[in-house]
Every structure is written in structure tokens, then in C-alpha cells.
Amino acid sequence: PVIGATRPVYARRSDGALFPAEISVSHVRVEDQNYYTAVIRDVTEKVEAEQALVRLAMTDPVTGMPNRAALKEHLLGELGARREVPVFGIDLDHFRWVNDSYGHEVGDAALREIGAALRAALEPDDFIAHPGGDEFIVAPADCGRAGLEDRIDRAVKALNCGLAVEGYEI
């Protein structure tokens, strides 16, 4: 029988480097003697694959920004830590026209530029997500009403200047 559940831990290689490992210990009783065997397995590849899957599940493939699932997780975490969480949304009017006129590659490049403009205009700790389509959601880091209004003004100013994307003025 295996004693306890297999769980990830960190082990140390002979060169001193740590690596994620799973350790299983088995007990065998022969006559009146107890024997234990331990198996240590390097699970670095498994852990890296799991982390890659989480990144994929939480990232918008077009912009590389947090997606709807990441936004939900962030907001639930914030609501658990405090009572009020400021949030505002940005909906890009007539964005479908960009995709229809210039194609989805230009539209996707425009979304990446818009995400970068928002990131540059807002605070480093502000959470900015692209849940999909032509929407962006911002959850500013801890700020009061004045801070929220300032973030909204900065976001609007950043997006009202127009974009040059792949040779097109948008």
C-alpha cells in the first residue's frame, strides 16, 4: 500500500538546483520487518505544461492580454479582499467596420495597439482585460472615485488620438 497521497514537492539535484517532484513511499512488511521504498520523480515537464495550459486558458489569443476567465478570477479575488472594486468598460464603436474594410489581420493588429495604448496610459498595477470582440475592461488598482475618474479620462484620451495600423489610419 502507498502511504499518504502523492503530492508535488521540490527536491534538490546533486548540483543544488531545485526541481518539482512527486514522491511516493510504499511500505512492505516481510515477516516481522518493515521496509519502505521511496520513488522520486522529476515532474518539471508536467508542471511547465500545466502552467502553459493555464496561460493559454487565461490569455486572449489576439491581444495577449488577460481574457474573460482571467478577468472573472481577478474580480472574484478582489471582491474577496475588499468590499468595492472599481471597474469600467470600453466598447469600440463601429469596430466591425475596421474588420470589414481592412480585414481581420488589421483589426487584430488594431486591437493589440489599443491594448498597448491603454497599458501605457494607465497605472502598471491596473488590470486590463480583453474579454473579446471590441471590448476592454479595466479594473484599476486600489483607487478612490477621483482615481477612477482619472483612469477613465486617461483611457479616453489614449484612444481618441487615432491609430496608424499597417499603413491604415483608423
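Everything that follows concerns the structure shown earlier in this document.
Residue positions are given per chain, counting from 1 as you read along its sequence in written order. Under the rules for a predicted model, residues below a pLDDT of 70 receive no local features and side-chain atom pairs below 80 are neither given nor counted, while totals for whole chains, interfaces and linings still include all residues. Excluding hydrogens and water, the side-chain values take into account all heavy atoms of the structure.

**As for the pairing of strand E3 (residues 33-42)**
Along any regular strand the residues' side chains alternate between the sheet's two faces. For two strands to be treated as a pair, DSSP must find at least two bridges joining them. Only runs of H or I of at least four residues qualify as helices and only runs of E of at least two qualify as strands under DSSP, and these elements are numbered from the N terminus. As judged from the 10 bridges shared by strand E2 (residues 18-30) and E3, these two strands associate in the antiparallel manner. When the bridges of E3 are listed, Val 28 appears paired with Tyr 35. What sits between E2 and E3 in their antiparallel hairpin is a turn of 2 residues, with Glu 31 showing a positive phi close to 55°.

**Quick look at the side chain of Glu 22**
Counting through the fold element by element, Glu 22 comes out in strand E2. In protein, a polar contact means a hydrogen-donor-capable atom and an acceptor-capable atom, both N or O and within 3.5 Å, with residues adjacent in sequence counting only if both atoms are side-chain atoms; elsewhere, any N or O pair within 3.5 Å suffices. Side chain to side chain, Glu 22 and Lys 46 meet in a polar contact 2.8 Å long.

**With respect to the packing of helix H3 (residues 95-102) against helix H4 (residues 104-121)**
A pair of packed helices is characterised by two quantities: the angle between their axes and the separation of those axes. Convention adopted: a line fitted to C-alpha atoms gives each axis, helices being fitted over their contacting stretch, and angles between N-to-C directions are expressed from 0 to 180 degrees. One can describe the packing of H3 onto H4 by two numbers: an axis separation of 6 Å at closest approach and a directional angle of 140°. With respect to H4, the element H3 is oriented oblique. For the pair H3 and H4, contact is made by Phe 95, Val 98, Asn 99 and Tyr 102 and by His 104, Val 106, Gly 107, Asp 108, Ala 110, Leu 111 and Ile 114, respectively. Class assignment of the residues belonging to the contact of H3 with H4 gives a composition of 7 nonpolar, 3 polar and 1 charged. We call two directions roughly parallel when the angle between them is under 35 degrees, roughly antiparallel when it is over 145, roughly perpendicular when it lies between 65 and 115, and oblique otherwise. We call two residues contacting when some pair of their heavy atoms lies within 4.5 Å. Classification convention: Asp, Glu, Lys, Arg as charged; Ala, Val, Leu, Ile, Met, Phe, Trp, Tyr, Cys, Pro as nonpolar; all other residues, Gly among them, as polar.

**Some points on the packing of aromatic side chains**
Stacked, edge-to-face and tilted labels apply to pairs of Phe, Tyr and Trp rings (six-membered ring for Trp) whose centres lie within 6.5 Å, assigned for plane angles under 30 degrees, over 60, and everything in between, in that order. All told, the structure shown has 2 aromatic pairs when counted by the stated rule. With a centroid separation of 5.6 Å and an interplanar angle of 85°, the aromatic rings of Trp 97 and Tyr 102 are classed as edge-to-face. Only protein chains enter the area calculation, which uses a 1.4 Å probe; residues under 20% of their type maximum are buried, those over 50% are exposed, and those in between are partly exposed. The class of Tyr 102 is partly exposed, set by a relative accessible area of 26%. Within the aromatic cluster, the residues linked to one another by ring pairs are Trp 97, Tyr 102 and Tyr 168.

**A word on the nonpolar core**
Judged by nonpolar contacts, the single largest core of 21 residues is most densely connected at Ile 90, Leu 92, Phe 95, Ile 114, Leu 118 and Phe 136. Elements represented by at least two residues in this core include exactly strand E4 (88-91), H3, H4, strand E6 (135-139) and helix H5 (145-159). Of the residues forming this core, the biggest block, 6 residues, is contributed by H4. Ranked by size, the runner-up nonpolar core spans 7 residues in total, among them Phe 127, Ala 129, Ile 137 and Ala 139. Remark: nonpolar core denotes a set of buried residues (Ala, Val, Leu, Ile, Met, Phe, Trp, Tyr, Cys) joined through side-chain atoms within 4.5 Å.

**Observations regarding the sheet that holds strand E5 (residues 127-132)**
Taken in spatial order, the 3 strands line up as E4-E6-E5 in an open sheet, and their pairing is antiparallel. Each edge of the open sheet is held by one strand with a lone partner, namely E4 and E5. Pairwise comparison of adjacent strand axes, ignoring direction, gives a mean angle of 25° for this sheet. Both E5 and E6 contribute to a ladder of 4 bridges, which runs antiparallel. What sits directly across from Ala 129, in E6, is Ile 137. Together, E4, E5 and E6 form the strand contacts of H4, whose direction differs from that of E6 by roughly 20°.

**Considerations on helix H2 (residues 68-81)**
For H2, spanning 14 residues, the distance from its first C-alpha to its last is 20 Å, which sits close to the expected 20 Å at 1.5 Å a residue. A distance of 3.1 Å separates the backbone nitrogen of Ala 69 from a side-chain oxygen at the start of H2, and that oxygen is part of Asn 67. Expected helix span is given by 1.5 Å per residue-to-residue step, counting one fewer step than there are residues.

**Considering the pattern of salt bridges**
Any Lys or Arg side-chain nitrogen located within 4 Å of an Asp or Glu carboxyl oxygen qualifies as a salt bridge. According to the stated counting rule, one finds 9 salt bridges in the structure shown. Where Lys 46 meets Glu 22, a salt bridge forms, and the shortest distance between an N and an O atom there is 2.8 Å. Linking Lys 46 in helix H1 (residues 44-58) with Glu 22 in strand E2, this pair joins segments that are 24 residues apart in sequence. Between Glu 149 and Arg 145 there is a salt bridge, and its shortest N-O distance comes to 3.3 Å. With Glu 149 and Arg 145 both in helix H5, this residue pair falls 4 residues apart, about one helical turn. The exposure class assigned to Glu 149 is partly exposed, which follows from its relative accessible area of 41%. The class for Arg 145 is exposed, based on a relative accessible area of 65%.

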